[in-house]
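An overview of the molecular structure
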Amino acid sequence: MPFDFKPDGVLPEVIHVQPKRFGDDRGWFAETFRADVFAEAGITEPFVQDNHSWSAEKGTIRGFHFQITPNAQAKLVRCLKGRILDVAVDIRKGSPRFGRATSVELSAANGAQLYIPRGFAHAFCTLEETCEVAYKTDAYYAPIHERGIAHDDPDIGIDWPVDPARRILSDKDKVLPRLAELVEVPELVGGTL
């Protein structure tokens, strides 16, 4: 199998995906997505959009972002250049893990990916200069359904690896509400969305 799939130890709905690299003296080759193999691992969303971000500075934080129904999104995230701390937070109302977060380092060197299902907010922090991140989504970007949570919400308690004075955020991300202030969060029904 060209991938290893491992449920996260904190949020088991979040899946760590490790593509296998096949190398020789030229370098290496890896499949980064294959619908049939992902479906066997329980990741069945039909991904419809690919996104690519570039961040020039270490300490750039993007997120926490998510979309609400009817445009909630699952994501498959990977780092193409540099290193990032990738973070997912369970925001499903009624979930026993509501507000809990998990994080993993994704890098060009390790080739790891993170699958983040619907009902989870997503953010990442660049750990070095010049990072590129690519991710698939299973729903199109819909500005009217876009929402976010403050990256430094103390109730979530992420230990970002960058001093607060050196964090780089968009103007939009600087004014995001805390999780407790959100009105629209996905409902957990029967264990799923």
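Residues numbered from 1 in each chain as written. Predicted model: local features only at pLDDT ≥ 70, side-chain atom pairs only at ≥ 80, totals over all residues. Heavy atoms only, no water.

By the naming in an unreviewed UniProt entry, the protein chain goes by dTDP-4-dehydrorhamnose 3,5-epimerase and is assigned to Hyphomonas pacifica. Here is the UniProt Subunit (unreviewed entry) comment for the protein chain, exactly as written: "Homodimer." We quote the UniProt Catalytic activity (unreviewed entry) comment for the protein chain here in full: "dTDP-4-dehydro-6-deoxy-alpha-D-glucose = dTDP-4-dehydro-beta-L-rhamnose". (UniProt positions renumbered as here; feature names shortened; annotations may be inferred.)

Let us look at the overall build of the protein chain. Secondary structure assignment for the protein chain yields two helices and 13 strands. Whereas a compact globule of 193 residues would reach a radius of gyration of roughly 16 Å, the protein chain reaches 16 Å, a difference of no more than 12%. Based on the C-alpha atoms only, the size of the protein chain along its principal axes is roughly 55 × 40 × 30 Å. In the protein chain, which comprises 193 residues, the proportion classed as buried is 49%. Surface summary for the protein chain: the accessible area is close to 9,900 Å², and the carbon and sulfur share equals 52%. Of note, the protein chain has its 23 positive side-chain charges centred 1 Å away from the centre of its 29 negative side-chain charges. (Helix = DSSP H or I, 4+ residues; strand = E, 2+ residues; numbered from the N terminus. Rg over C-alpha atoms; globule rule 2.2 N^0.38 Å. Buried < 20%, exposed > 50% of the residue type's maximum accessible area, 1.4 Å probe, protein only. Areas by Shrake-Rupley, 256 points an atom, 1.4 Å probe, with all protein chains shown as cover. Lys, Arg positive; Asp, Glu negative; His and termini not counted. Charge placed at Lys NZ, Arg CZ, Asp CG, Glu CD.)

Let us look at the sheet that holds strand S11 (residues 120-126). Judged by pairing direction, the sheet is antiparallel, and its five strands sit side by side in the order S9-S8-S11-S6-S13 without closing on themselves. Sheet topology places strand S9 (101-107) and strand S13 (146-148) at the edges, where each strand pairs with a single neighbour. Each neighbouring strand pair of the sheet contributes to a mean axis angle of 25°, computed without reference to strand direction. As paired strands, strand S8 (residues 83-90) and S9 are joined by seven bridges and run antiparallel to one another. Paired with Val87 across the bridge in S9 is Ser103. (Pairing = 2+ DSSP bridges. Axes fitted to C-alpha atoms, helices over the stretch in contact; angles between N-to-C directions.)

This part is about the pairing of S11. Of all seven residues making up S11, seven are buried, and the element is well covered by its neighbours. Residues Phe120, His122, Phe124 and Thr126 of S11 are buried on one face, and the alternating residues Ala121, Ala123 and Cys125, pointing to the opposite face, are buried as well. Strand direction decides the pairing type here: strand S6 (residues 61-67) and S11, joined by four bridges, are antiparallel. Residue pairing in the sheet places His65 in a bridge with His122 of S11. Sheet topology places S8 next to S11; seven bridges connect them, and they run antiparallel. Residue pairing for S11: Val87 is matched across the bridge by Ala123.

Next up on the list: empty space enclosed by the protein. Considering all chains together, one arrives at one cavity of 30 Å³ or more under this definition. Of the volumes computed, that of the largest cavity is approximately 70 Å³. Lining the largest cavity are 12 residues, and of these His65, Phe66, Gln67, Gln73 and Phe120 lie nearest its centre. Elements represented by at least two residues in the lining of the largest cavity include exactly S6 and S11. Broken down by element, the residue count for the lining of the largest cavity peaks at three residues, all from S6. (1 Å grid on protein atoms, 1.4 Å probe; cavity = no way out; pocket = protein on both sides within 12 Å on 5 of 7 lines; lining within 4 Å. Points joined across faces, edges and corners; volume = space filled by probe spheres on them.)

Right, let's get into unusual backbone geometry. In this chain, Gly63 is followed by Phe64 through a cis amide linkage whose omega measures 10°. In this structure, the amide linkage connecting Thr69 to the following residue, Pro70, adopts the cis form with an omega of 15°. In this structure, Pro70 sits in the loop between S6 and strand S7 (75-81). Positive phi, close to 55°, is recorded for Thr130, a residue that is not glycine. By relative accessible area, Thr130 is classed as partly exposed at 26%.

The volume enclosed by the largest pocket comes to roughly 380 Å³. Listed by contribution, the elements that provide at least two residues to the lining of the largest pocket are strand S5 (49-55), S6, S11, strand S12 (131-137) and helix H2 (171-174). If you tally residues by element for the lining of the largest pocket, the top one is S6, at six residues. Within the lining of the largest pocket, the residues separate by chemical class into eight nonpolar, 11 polar and five charged. (Nonpolar A, V, L, I, M, F, W, Y, C, P; charged D, E, K, R; others polar.)

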